[in-house]
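Chain residues, written in single-letter form:
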Amino acid sequence: MTTEALAQTPLEAKSPFEMRVHLGDEVPETDVKSALKTGDMGFLHSFTTGSFVDGPGIRLVAWTTACMFRCQYCHNPDTWTLSNGIPVTLEKAVDEVRKYADGLKRMGGGFTLSGGEPLMQDRFAVRLFGAVQDMGVHTAIETNGYFGERLSDEELGLIDLVILDMKAHSLDQHKIVTGIGNADVLEFCDRLASLRRPMWLRYVLVPGLTDLPEEMAAVAQFGASLGVVERAEILPFHQLGKYKWERLGLNYKLAATDPPTNESIATAVAIFREAGLKAD
């Protein structure tokens, strides 16, 4: 994409399901490496406003690109690749949040950094959170937790809420769902617990893949044992991202999978509640 065309690409998207690719292809490799090291620039899929589902209150959400997981049910596989993101300077990202800061505070909402996996751009994330917290705006990150060790204890203090996307508890199941192990994820959760950092847990319910009673019980019991999980959210699988897999030429194993039934959702919620978590 040319510099002129890139400049015309709006940061705000109609929804996170909007397809965006090749937006950062023209950024030199040296600039990419510098951005990742310093946080002077980030690569973002988009910003979305008015979210009610990405943290408490009404949220402004910035969606990063790059992710190390390859979740079978991912609805935004275009965010797996860093270069699909719009290269955005830290200053521009801060200015974008500042436009909404007063309204977010009045409505009891805040700013959420999601992805992709935000901690693949950890220096950008830390500097952006610091600037947003200085505005008096609540901060949240939605993360898979795999690179949690990249943040110091002090840097974790810049994040008011960690929304942990828990893919599985057992190693084998985690590899089936994501292609990668989860030892680092569990260690990050334990660390957040020791620091008494507020958490939410998210679990995507996929018929035939993640709707395993024993696995859900293990996730729920682990979450409850942490003592800092304020809420657990069961997210029903959907097919809104199917077209992205098709357009990207990816092998989508869940093409014929239906969303979970109301009964199976209720069963999953009950499992998390039985473990002592506030779940919905």
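Look up: the structure comes first, before these words.
Residues numbered from 1 in each chain as written. Predicted model: local features only at pLDDT ≥ 70, side-chain atom pairs only at ≥ 80, totals over all residues. Heavy atoms only, no water.

Enquirer: An account of the sheet that holds strand 2 (residues 59-64) is requested, with residue identities and associated values reported.
Expert: Strand order in the open sheet formed by 8 strands is 3-1-2-4-5-6-7-8, and the pairing between neighbours is mixed. Each end of this open sheet is capped by a strand with a single partner; those strands are strand 3 (86-89) and strand 8 (229-236). Averaged over all neighbouring strand pairs, the angle between strand axes comes to 30 degrees, with direction disregarded. For strand 1 (residues 41-51) and strand 3, the ladder comprises 4 bridges, and the chain directions are antiparallel. Paired with phenylalanine 43 across the two strands is proline 87, which belongs to strand 3. Sheet contacts for helix 3 (residues 90-98): strand 1, strand 2, strand 3 and strand 4 (110-114); angle to strand 3, the most-contacted strand, approximately 85 degrees. Contacting strand 7 (199-205) and strand 8, helix 9 (residues 213-226) runs over the sheet at an angle of about 175 degrees to strand 7. (Pairing = 2+ DSSP bridges. Helix = DSSP H or I, 4+ residues; strand = E, 2+ residues; numbered from the N terminus. Axes fitted to C-alpha atoms, helices over the stretch in contact; angles between N-to-C directions. Contact = heavy atoms within 4.5 Å.)

Enquirer: Explain helix 8 (residues 183-194) to me, and be specific about the residues and the numbers.
Expert: Because each turn of an α-helix spans 3.6 residues, side chains separated by three or four positions end up pointing in the same direction. Under the 1.5 Å per step criterion, the end-to-end length of helix 8 is 17 Å for 12 residues, consistent within 8% with the ideal 16 Å. When helix 8 is considered as a whole, its buried residues turn out to be Val185, Leu186, Phe188, Cys189, Leu192 and Ala193. The buried residues of helix 8 occupy an angular sector of 155 degrees when projected down its axis, which confines them to one face. Summarising the geometry of helix 8, the exposed residues directed more than 90 degrees from the buried face are Glu187 and Ser194. Residues of helix 8 that are buried in the fold lie against strand 5 (138-143), helix 6 (153-156), strand 6 (161-165), helix 7 (171-178), strand 7 and helix 9. Following helix 8 by one or two positions, arginine 196 has its phi on the positive side, about 60 degrees. (Expected span 1.5 Å × (residues − 1). Buried < 20%, exposed > 50% of the residue type's maximum accessible area, 1.4 Å probe, protein only. Arc of directions from axis to C-beta.)

Enquirer: So, the layout of surface pockets: which residues are in play, and what are the values?
Expert: Here the largest pocket defines a volume of roughly 820 Å³. Lining the largest pocket are 38 residues, with Trp63, His75, Glu142, Arg202 and Leu235 sitting closest to its centre. Mapped by element, the contributors of at least two residues to the lining of the largest pocket are strand 1, strand 5, strand 7 and strand 8. In the lining of the largest pocket, the residues fall into 17 nonpolar, 13 polar and 8 charged. (1 Å grid on protein atoms, 1.4 Å probe; cavity = no way out; pocket = protein on both sides within 12 Å on 5 of 7 lines; lining within 4 Å. Points joined across faces, edges and corners; volume = space filled by probe spheres on them. Nonpolar A, V, L, I, M, F, W, Y, C, P; charged D, E, K, R; others polar.)

Enquirer: Account for the environment of phenylalanine 43, with residues named and values stated.
Expert: Position of phenylalanine 43 relative to the elements: it lies in strand 1. Non-local contacts of phenylalanine 43, meaning those with residues more than four positions away in its chain, are made with Val27, Val32, Ala35, Thr64, Thr65, Leu82, Gly85, Ile86, Pro87 and Gln121.

Enquirer: Give a detailed account of the side chain of serine 114, specifying residues and quantitative values.
Expert: Within the element layout of this structure, serine 114 appears in strand 4. Judged by its relative accessible area of 2%, serine 114 is buried. Polar contacts involving the side chain of serine 114 include one to the side chain of glutamate 142, which spans 3.0 Å. When residues no more than four places from it in sequence are discounted, the contact partners of serine 114 are Val61, Ala62, Trp63, Thr64 and Glu142. (Polar contact = N/O pair within 3.5 Å; in protein donor to acceptor, adjacent residues only side chain to side chain.)

Enquirer: Got a sec to walk through the packing of aromatic side chains? Specific residues and values, please.
Expert: Taken as a whole, this structure holds 6 aromatic pairs when the rule is applied. A ring pair is formed by phenylalanine 111 and phenylalanine 129, whose centres lie 6.2 Å apart and whose planes are at 65 degrees; its orientation type is edge-to-face. One end of the pair, phenylalanine 111, is in strand 4; the other, phenylalanine 129, is in helix 5 (residues 122-134), and 18 residues separate them in sequence. Phenylalanine 129 carries the same exposure label as phenylalanine 111, and that label is buried. With centroids separated by 5.3 Å and ring planes inclined at 65 degrees, the aromatic side chains of tyrosine 146 and phenylalanine 147 adopt a geometry described as edge-to-face. Members of the aromatic cluster, joined through ring pairs, are Phe69, Tyr146 and Phe147. Directly above the ring of phenylalanine 147 sits arginine 150, whose terminal nitrogen or CZ lies 3.8 Å from the centroid. In this arrangement the basic side chain of arginine 231 is found over the ring face of tryptophan 200, its NZ or CZ atom lying 4.7 Å from the centre. (Phe/Tyr/Trp six-rings, centres within 6.5 Å; stacked < 30°, edge-to-face > 60°. Lys NZ or Arg CZ within 6 Å of the ring centre and 35° of its normal.)

Enquirer: Break down the environment of leucine 44 for me, with residues and values.
Expert: Residue position: leucine 44 is located in strand 1. With relative accessibility at 1%, the residue leucine 44 sits in the buried group. Setting aside its immediate chain neighbours within four residues, leucine 44 contacts Trp63, Thr64, Thr65, Gly85, Ile86, Val88 and Phe124.

Enquirer: So, the side chain of glutamate 117: which residues are in play, and what are the values?
Expert: You can see glutamate 117 is positioned in the loop between strand 4 and helix 5. Buried charge glutamate 117 goes without a salt bridge, the closest partner of opposite sign being lysine 167 at 7.4 Å. At 2.8 Å, the side chain of glutamate 117 forms a polar contact with the side chain of threonine 143. In contact with glutamate 117, not counting residues within four places along its chain, are Thr64, Ala66, Cys67, Met68, Thr143, Asn144 and Gly145. (Lys, Arg positive; Asp, Glu negative; His and termini not counted. Salt bridge = Lys/Arg side-chain N within 4 Å of Asp/Glu carboxyl O.)

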